[in-house]
Amino acid sequence: VEASIPEPQREAWTKNQFDGFKNKDEFEKEVVRHVETTLARSMFNCDDVAAYSATALAFRDRLIKDWNKTQQRQTFTDSKRIYYLSLEFLMGRALDNAMLNVKGKDIAKSALDELGFRIEDIIGQENDAALGNGGLGRLAACFLDSMASLNYPAWGYGLRYRYGIFKQEIIDGYQVEVPDYWLDFNPWEFPRHDVTVDIQFYGHVRKSQDANGKTVANWEGGETVTAVAYDMPIPGYDTPSTNNLRLWSSKAASGEFDFQKFNSGEYESSVADQQRAETISAVLYPNDNLDRGKELRLKQQYFWVAASLYDIVRRFKKSKRAWREFPDQVAIQLNDTHPTLAVVELQRILIDKEGLEWDEAWAIVTATFGYTNHTVLPEALEKWPVGLFQHLLPRHLQIIYDINLFFLQSVEKRFPDDRDMLSRVSIIEESQPKMVRMAYLAIVGSHKVNGVAELHSDLIQTTIFKDFVKIYGADKFTNVTNGITPRRWLHQANPRLSELIASKTGGYDYLKDLTTLNKLEQYVDDKAFRKEWAEIKYANKVRLAKYIKSTLDITVNPAALFDVQVKRIHEYKRQQLNIFGVIYRYLQIKEMSAEERKKQAPRVSIFGGKAAPGYWMAKQIIHLINNVGSVVNKDPDVGDLLKVIFLEDYNVSKAEIIIPASDLSEHISTAGTEASGTSNMKFVLNGGLIIGTCDGANIEITREIGQENIFLFGTLSEDVEDLRHNHTYGKHAVDSGLQKVFDAITSGKFGDANDFGALVSAVRDHGDYYLVSDDFQSYIDTQKMVDEEYKNQEEWVSKCIRSVARMGFFSSDRCINEYAEEIWNIEPLAV
Ligand code: GLS
């Protein structure tokens, strides 16, 4: 490519290269230029928003230079690429991250200062890119950061939702959803109006003969929607590697906008067509760990997957390689079952468009894909009605039937005596109506299947996918324990702690190899170090206390133990157990004498998280937390001993304030239900301890940091089944402590008892599926231990330091390297 450009032109290009800013003065100049020309403002009307925009644009210019070079390097070396397909990328804000990753924050700070702005205010202007629900989407964002930081040639592919996850308001204690229109001005995206793909839906399949007499399937008719690419640069930390996140936006195909209609006055129906097309990428489905089976969701999935595959195949074809080399050039990771249609779409491209034979194509497909499972919850496992497929994607349904046929034939051959096996593992569930089981399709279409923490990976192999382990052997299944990026979750969120760590571990290199944290262990007994450590925690708590004051007008004591549970609200995550525990504590305080109260350790119970809009029980939990707060927080008997806070609209940028301020965080899911959890890692990395069940990554965290540094309680996952069985068929009484809590609720102490009847009777009358009563006593006992241990601050801080020192394993860098080696077979690209 390079050689094709004549010398004089090349010279002209090279000498006019934009090099980005190199110092404060150059940066200032860039900011002013953007304010005055890009934004058409002046210093007289440059507010914080304009200053943010100009700062972001200056950094974007710089990133895009690196982005271009990275893309060129990947093209020239023709290296294998990894494509990470995810319906969710919960990115949060980009500016702070970009400044830190390219090491330009100090420059920006002093320049903005000179121009009359505070960098914190500027950073605070940015909308969160909240294109995800919770852990699954945030994991994808951490992975992008790690892939770029480790110089892997990687692309993310997702949807450019016009509305991200809704904003949560709390009104009279209830959650109210408000749309999140985040795109007014998004300096981080590049619309690529020249990169478009037409995507087909509906229609029918017609068989015909080609020139050689071979039968070919033609998918015809239906409707077409156009996908437009929007690119976001993903900067690596301390490396010029800048990867791409490509998000697709839908619009009416150019031929579809009916000018005839438009001109003849049928304005409305013409605009309606337009809007129908745009609806596809309009909104993120707000469910975490729950599948609702909506037709538009399936449309989103196909739209995104088909556009992405078209793009990937187009890139591959430029190399003029033989098809069988496709898996040597391309690895595609399916983030959950949401992109599973990609398996079918690639098979369709290869056999219908490229003329490959079925077996040859199928070998390519299965060598290309890997599938990550993120949950065992039955309500989250995706299934689609066959009828819907037939209507929306008729050719894909035929291919799924063929995939299933060949798969079942091979199973039958290997297990001729197990007739039941065939119906158990069939991709088509013979129910009324018939359903396509997406997880099974993903397993059959991939060469590796992984869970996200050890316990979870064991569970999928012994429960939901057990038959597939028999069929394919254990080698196809593996574990890759989740991780988090220390850049955002320590360096950015907790700059003072990061600086202290750097001062003791030999600089900021620990951000590139998190195991270096182990050097901290030698300072555990260093009093001065412990003091500094504790001061930083205190300052972070003061920051959160100010935030609580400014948003809720509640004063909390920063010296109290901050006990935090922030995550999506879900019965399996058991915020109800937490709030029942809080009520129990409140009742105890009420019974104490003034003398006894003086001995109590003050506590602030902090909750945050969104409920899916249609998840009624989760909304009841939010309501109860808020009502308990309004009673407890103004009870003069209680004072500072207990405050109950519900923080509105928990999101990534709020997590960056909350997590560094926690003393204790709660990860208390019913054992076996939380696949991994990743905030548990963030809290420990920021010097907080955990109260948790033996579930998800808690188990590995315990192994790494030592069981003396974590407060574990509750039923073990292997005992859950038996307990549930007993609840249904045997006798079980509600725990006596919990009964007191229920009595308080039903007496109307926290508002109309009827409002919370369902929360009580789920435990008391409906089998207590999440074992709240079974675990209640051990939860309360463990919280008592926490109170006791917190009184000994020296020992508490030592535990925190030791834990942080041992958290190296949980970097998403380690996690990505494991994927690269075990699943993708891909190497970093030298820079
Ligand atoms: C989730 C799990 O619930 C989390 O435990 C896990 O940490 C996360 C990332 O692997 O995936 N699955 C899901 O559907 N939402 C999640 O957050």
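Quick notes on the rules
Residues numbered from 1 in each chain as written. Predicted model: local features only at pLDDT ≥ 70, side-chain atom pairs only at ≥ 80, totals over all residues. Heavy atoms only, no water. Helix = DSSP H or I, 4+ residues; strand = E, 2+ residues; numbered from the N terminus. Rg over C-alpha atoms; globule rule 2.2 N^0.38 Å. Buried < 20%, exposed > 50% of the residue type's maximum accessible area, 1.4 Å probe, protein only. Contact = heavy atoms within 4.5 Å. Areas by Shrake-Rupley, 256 points an atom, 1.4 Å probe, with all protein chains shown as cover. Lys, Arg positive; Asp, Glu negative; His and termini not counted. Charge placed at Lys NZ, Arg CZ, Asp CG, Glu CD. Pairing = 2+ DSSP bridges. Near = heavy atom within 4 Å. Polar contact = N/O pair within 3.5 Å; in protein donor to acceptor, adjacent residues only side chain to side chain. Nonpolar A, V, L, I, M, F, W, Y, C, P; charged D, E, K, R; others polar. Salt bridge = Lys/Arg side-chain N within 4 Å of Asp/Glu carboxyl O. Expected span 1.5 Å × (residues − 1). Axes fitted to C-alpha atoms, helices over the stretch in contact; angles between N-to-C directions. Parallel < 35°, antiparallel > 145°, perpendicular 65-115°, else oblique. Left-handed = near helix turned anticlockwise from the far one by under 90°. Core = buried A, V, L, I, M, F, W, Y, C linked by side-chain atoms within 4.5 Å.

S.K.: I would appreciate a short explanation of the overall build of the protein in the present structure.
M.R.: Helix and strand counts for the protein come out as 34 helices and 24 strands. Relative to a compact globule of 831 residues, whose C-alpha radius of gyration would be 28 Å, the protein shows 28 Å and is just as compact. Going through the 831 residues of the protein one by one, you find that 60% of them count as buried. Within the protein, contacts between residues separated by at least 24 positions form 77% of all contacts whose residues are at least 6 apart in sequence. Looking at the protein as shown, the accessible area adds up to about 33200 Å², and 50% of this sits on carbon and sulfur atoms. Taking the 98 positively charged and 119 negatively charged side chains of the protein as two groups, their mean positions are separated by 2 Å.

S.K.: Is there a simple way to explain the pairing of strand S19 (residues 561–566) in this structure?
M.R.: Consecutive side chains along a regular strand alternate between the two faces of the sheet. By the criterion of burial, S19 is predominantly enclosed, with 6 of the 6 residues buried. Here S19 shows no split at all, with Leu561, Asp563 and Gln565 on one side and Phe562, Val564 and Val566 on the other all buried. Two elements, S19 and strand S20 (residues 603–608), share 6 bridges in a ladder whose sense is parallel. Bridge pairing in S20 links Leu561 to Arg603. One ladder, built from 2 bridges, connects S19 with strand S22 (residues 664–667); its direction is parallel. Note that in S22 the partner of Val564 across the bridge is Ser665.

S.K.: Explain the environment of Asp273 to me, please; I cannot follow it from the model alone.
M.R.: With respect to the secondary-structure elements, Asp273 resides in helix H9 (residues 267–279). Residues Asp273 and Ala252, 21 residues apart in the sequence, show an inter-C-alpha distance of 7.2 Å.

S.K.: What is the right way to read the site of the ligand from this model?
M.R.: Around the ligand lies a shell of 13 residues, among which Asn289, His374, Asn482, Glu674 and Gly677 are the nearest. One nitrogen or oxygen atom from the main chain of Ala675 is found 3.4 Å from an oxygen atom belonging to the ligand. Within the backbone of Gly677, a nitrogen or oxygen atom sits 2.9 Å from an oxygen atom of the ligand. Within the complex, 96% of the 380 Å² of free accessible area of the ligand lies under protein. Broken down by class, the residue content of the shell around the ligand amounts to 5 nonpolar, 6 polar and 2 charged.

S.K.: Mind showing me how you'd approach the pattern of salt bridges here?
M.R.: Where charged atoms of side chains with opposite charge meet at close range, the side chains can pair. For the structure shown, the criterion picks out 61 salt bridges. Across the pair Lys590 and Asp635 runs a salt bridge, and its minimum N-O distance is 2.7 Å. Here Asp635 lies in the loop between helix H25 (616–632) and strand S21 (642–647) and Lys590 lies in helix H23 (residues 575–591), a separation of 45 residues in the sequence. Here Lys590 falls in the partly exposed class, since its relative accessible area comes to 31%. Overall, the relative accessible area of 9% leaves Asp635 in the buried class.

S.K.: I'm lost on H23 in this one. Help?
M.R.: Note on helix geometry: an α-helix contains 3.6 residues per turn, so any two residues three or four positions apart are oriented the same way. For H23, with 17 residues, the first-to-last C-alpha span of 25 Å sits near the 24 Å given by 1.5 Å per residue. Burial within H23 is extensive, with 14 of its 17 residues counted as buried.

S.K.: So what exactly am I meant to see when it comes to the sheet that holds strand S13 (residues 369–372) here?
M.R.: Backbone hydrogen bonds are what pair the strands of a sheet, in a parallel or an antiparallel way. Strands sit in the order S7-S10-S11-S4-S1-S12-S13-S17-S18 across an open sheet of 9 strands; the sheet is mixed. Either end of the sheet is taken by a strand with one partner, and the two such strands are strand S7 (190–201) and strand S18 (477–479). Averaged over all pairs of adjacent strands, the angle between strand axes in this sheet comes to 25°, irrespective of strand direction. In the sheet, strand S1 (residues 81–85) pairs with strand S12 (residues 330–335) via 5 bridges, with the strands oriented parallel. Looking at the pairing, Ile82 lines up with Ala331 of S12. Contacts between helix H3 (residues 48–77) and the sheet are confined to S1, strand S4 (154–159), S7, strand S10 (223–235) and strand S11 (242–252), with S11 contributing the most and set at about 100° to the helix. The strands touched by helix H13 (residues 358–368) within the sheet are S12 and S13, with S13 carrying the most contacts at an inclination of about 45°.

S.K.: Explanation requested: the packing of H23 against H25 in the structure shown.
M.R.: At a minimum axis distance of 10 Å, the contact between H23 and H25 shows a crossing angle of 20°. Relative to H25, the element H23 is oriented roughly parallel. For the element pair H23 and H25, the recorded crossing hand is left-handed. Along the contact surface, H23 presents Gln575, Gln576, Ile579, Phe580, Val582, Ile583 and Tyr586, while H25 presents Ile621, Leu624, Ile625, Val628, Val631 and Val632. In terms of residue class, the contact of H23 with H25 is built from 11 nonpolar, 2 polar and no charged.

S.K.: Where do I start with the nonpolar core in this structure?
M.R.: As a rule of thumb, nonpolar side chains are buried together in soluble globular proteins. By size, the foremost hydrophobic cluster in this structure holds 261 residues, and its most contacted members are Trp248, Trp533, Phe580 and Trp824. For this core, the element with the highest residue contribution is helix H10 (residues 295–318), accounting for 11 residues. Not counting residues up to four positions away in its chain, the partners in contact with Phe580 are Leu624, Leu738, Val741, Phe742, Ile745, Leu759, Val763, Val772 and Phe776.

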